[in-house]
Amino acid sequence: MKSHLKNSPPIPAPLAPLGRIRDITPRDVQAIQQQLGVNSIKDVITAIINGRLETVEGLKPAQIKNIRRAFKLNKTADSRVPLWDARLAGEELLRALCQFPEVEKATLTGSLRRSKDTIGDIDILLQLSEADHRKLLYKIARMAQTERIIATGPHHICLILRNQLQADIRLATRKYFGASLLYYTGSTQYGDSLKSMAAQKGFRLGPLGLVDMQTGEYVAGEQETDIYHQLGIGYLEPELREDHQSMAALQSIPPLVSFSQLKGDMQIHTNWSDGTESIAGIARYLSHTFPHYQYIVITDHVSAKRPNHVLPPADVFRQAAEIDRINDQMGFGYIKKGVETDILENGEPELAPEVLQQFDWVIASIHTDFTRDNTDRLIKACENPYVHCIGHPSGRMIGMRPPYPADWNAVFDAAARTGTALEINSRPNRLDLNDELVRKAVRKGVKLVINSDARTLSHFDFVKLGVSMARRGACSKKDILNTGSWEDIEAFKAAKQQLLRS
Ligand code: DGT
Ligand code: CA
Ligand code: CA
Ligand code: ZN
């Protein structure tokens, strides 16, 4: 870096973060300050947004790009990464960082820890002794995963990884690890509300800890829970740390649902339709991999109208016989017979009642007409006595198509009134219902089912994403139908028949 030239102008303190950006010399900072008349980072950001950075004489395009990235102004809706991809990349980076012996503790922070459905950049917090900070930043800059450094500070490095994702890695000591974890988990809005609440109670809260403003005493910082305790409020799960609810409302949420509470996966496709695995293979895999599952529901897409990748109705009997045969071998009814059927234009399921009645579990899904308002079709499907669940109810595909228009209040009312479950489809590009709709649905008393919608063995892990959406939607165990036993599912089906009769 050129910043060690003898006659470098000093960098004014409010503009210090500019000086820490890769390839930005004190002279460049001075040029930016003088030519744009900026005296704070806020001014700088405004100038960047207004396209004035490009007018600074002597700044090269590569430098401008680094500045935009450092202030995260290169983020667009398109540049956000699906949670699943970011989680895999983030966990891999975490494992790589844990191999440095000075790292005592490492965790994901930011939107990844909050499990937002899409991620702007990866945030990681490491714990190590103050003496090791410089040395570790040097090692991180040189590790195999690093493609380019965007900015560095005494306790922070921002980089582009070889997989082209951006990551912020921050360092803390044991003393204030919990305070930094709380701060960098965010969201910014939540952090700000917590800070004001702390101030009202006479504390100063920041990434370095919680301090009593009157006495100057350092009261908490090692653990997040210590800070909550000192503030006199209950611990809040990261998935709920958004800005949509008041602090008081957040305090009354019951324990959130967890993956280990799920007792089965209720949407699975096999090689009878568009999946790659046999029913026997799936049953063997799941009984070993997720031993807490008590049942699984095979729901191949059955259709007479579509030629490819579906099960023709004529084959339903044969598939049922195959399931019976495997259940016999396993010694109990682990595998349930389900189906996914299309919701037609008029809201009726494609398959006739006689066909639907043969199944233990019927999912009806919209696979056509994604642009029109689909309220009527969804309500009609709920009112059908043979339909137990609506699959991927909003139809969105992240990054490809938005949810179709629908009056969600009316749909949720219909689902609650008819005793029909709605799905949280866990495929990484669906996550449908999303967190916001999940929250609205459970408030209306709708029961949800978290499904993988798997086509191949590796897809079964997706349900963990669905669980994250449920948690972000403030669901507890009672809101999720497949946390119940199969007897509970049968009771739910019987209740629908009762509700429709009354
Ligand atoms: P993203 O990356 O767009 O998916 O969203 P986040 O939430 O990961 O945001 P990011 O990466 O810009 O910052 C990570 C966390 O750091 C953020 O959730 C809260 C904290 N943070 C960053 N800037 C501020 C700030 O100005 N004030 C407060 N209170 N917290 C901040
Ligand atoms: Ca982030
Ligand atoms: Ca970040
Ligand atoms: Zn589907």
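Before reading on, note that the structure itself is shown above.
Below is a summary of the structure that appears in this document.

Rules used in this analysis
- Residues numbered from 1 in each chain as written.
- Chains lettered and ligands numbered in written order.
- Predicted model: local features only at pLDDT ≥ 70, side-chain atom pairs only at ≥ 80, totals over all residues.
- Heavy atoms only, no water.
- Donors = N, O, S within 2.8 Å, 3.2 Å for Na, K, Ca; no water.
- Tetrahedral: all angles 85-135°; square planar, octahedral: opposite > 155°, others 65-115°.
- Helix = DSSP H or I, 4+ residues; strand = E, 2+ residues; numbered from the N terminus.
- Buried < 20%, exposed > 50% of the residue type's maximum accessible area, 1.4 Å probe, protein only.
- 1 Å grid on protein atoms, 1.4 Å probe; cavity = no way out; pocket = protein on both sides within 12 Å on 5 of 7 lines; lining within 4 Å.
- Points joined across faces, edges and corners; volume = space filled by probe spheres on them.
- Nonpolar A, V, L, I, M, F, W, Y, C, P; charged D, E, K, R; others polar.
- Domains from an automatic or database assignment.
- Expected span 1.5 Å × (residues − 1).
- Arc of directions from axis to C-beta.
- Contact = heavy atoms within 4.5 Å.

## Re the coordination of the calcium ion (ligand 3)
Logical step 1: Note on the calcium ion (ligand 3): its protein donors are Asp121 (OD), Asp121 (OD), Asp123 (OD), Asp123 (OD) and Asp168 (OD). The metal-donor distances range over 2.3 to 3.2 Å.
Logical step 2: Around the calcium ion (ligand 3) sit 6 donor atoms; with metal-centred angles ranging over 44 to 159 degrees, the donor geometry is irregular.
Logical step 3: Mapped onto the sequence, the donors of the calcium ion (ligand 3) take the spacing D-x1-D-x44-D.
Logical step 4: In this model, the calcium ion (ligand 3) sits 3.6 Å from the calcium ion (ligand 2), the two metals being bridged by Asp121. Note that Asp121 is positioned in the loop between strand 3 (118-119) and strand 4 (122-127) and Asp168 in strand 7 (residues 166-172), a separation of 47 residues in sequence. In this structure, Asp121 and Asp168 share a single accessibility class: buried.

## Looking at the layout of surface pockets
Logical step 1: The volume enclosed by the largest pocket comes to roughly 1,400 Å³.
Logical step 2: Forming the boundary of the largest pocket are 49 residues, of which Asp123, Asp168, Arg170, Tyr183 and Tyr184 lie nearest the centre.
Logical step 3: Split into classes, the residues belonging to the lining of the largest pocket amount to 19 nonpolar, 16 polar and 14 charged.
Logical step 4: Three or more residues apiece are contributed to the lining of the largest pocket by two domains, here domain 1 (4-74) and domain 2 (79-246).

## What to know about helix 9 (residues 188-200)
Logical step 1: Taking 1.5 Å per residue as the helical rise, helix 9 with its 13 residues ought to reach 18 Å, and the 18 Å between its terminal C-alpha atoms agrees with that figure.
Logical step 2: Every buried residue belonging to helix 9 is among Tyr190, Leu194, Met197 and Ala198, and all of these are buried. The buried residues of helix 9 occupy one face: seen down the axis, they fall within an arc of 100 degrees. Facing away from the buried side of helix 9 by over 90 degrees, the exposed positions are Thr188 and Gln200.
Logical step 3: Looking at the buried side of helix 9, the elements it contacts are helix 8 (177-185), strand 8 (203-206), strand 9 (209-212), helix 10 (224-231) and helix 11 (247-251).

## Brief notes about unusual backbone geometry
Logical step 1: Look at the link from Gly186 to Ser187: it is a cis peptide, with omega at -5 degrees.
Logical step 2: Following Asp432, the chain continues to Leu433 via a peptide bond in cis, the omega torsion being 5 degrees.
Logical step 3: With respect to the secondary-structure elements, Leu433 resides in the loop between strand 16 (421-425) and helix 17 (435-443).
Logical step 4: One non-glycine residue, Asp369, adopts positive backbone phi at about 55 degrees.
Logical step 5: With respect to the element layout, Asp369 can be found in the loop between strand 14 (361-365) and helix 15 (375-383).
Logical step 6: You will see that Ala474, though not glycine, has its phi angle at about 65 degrees, which is positive.
Logical step 7: Of note, Ala474 is situated in the loop between helix 18 (463-472) and helix 19 (486-501).

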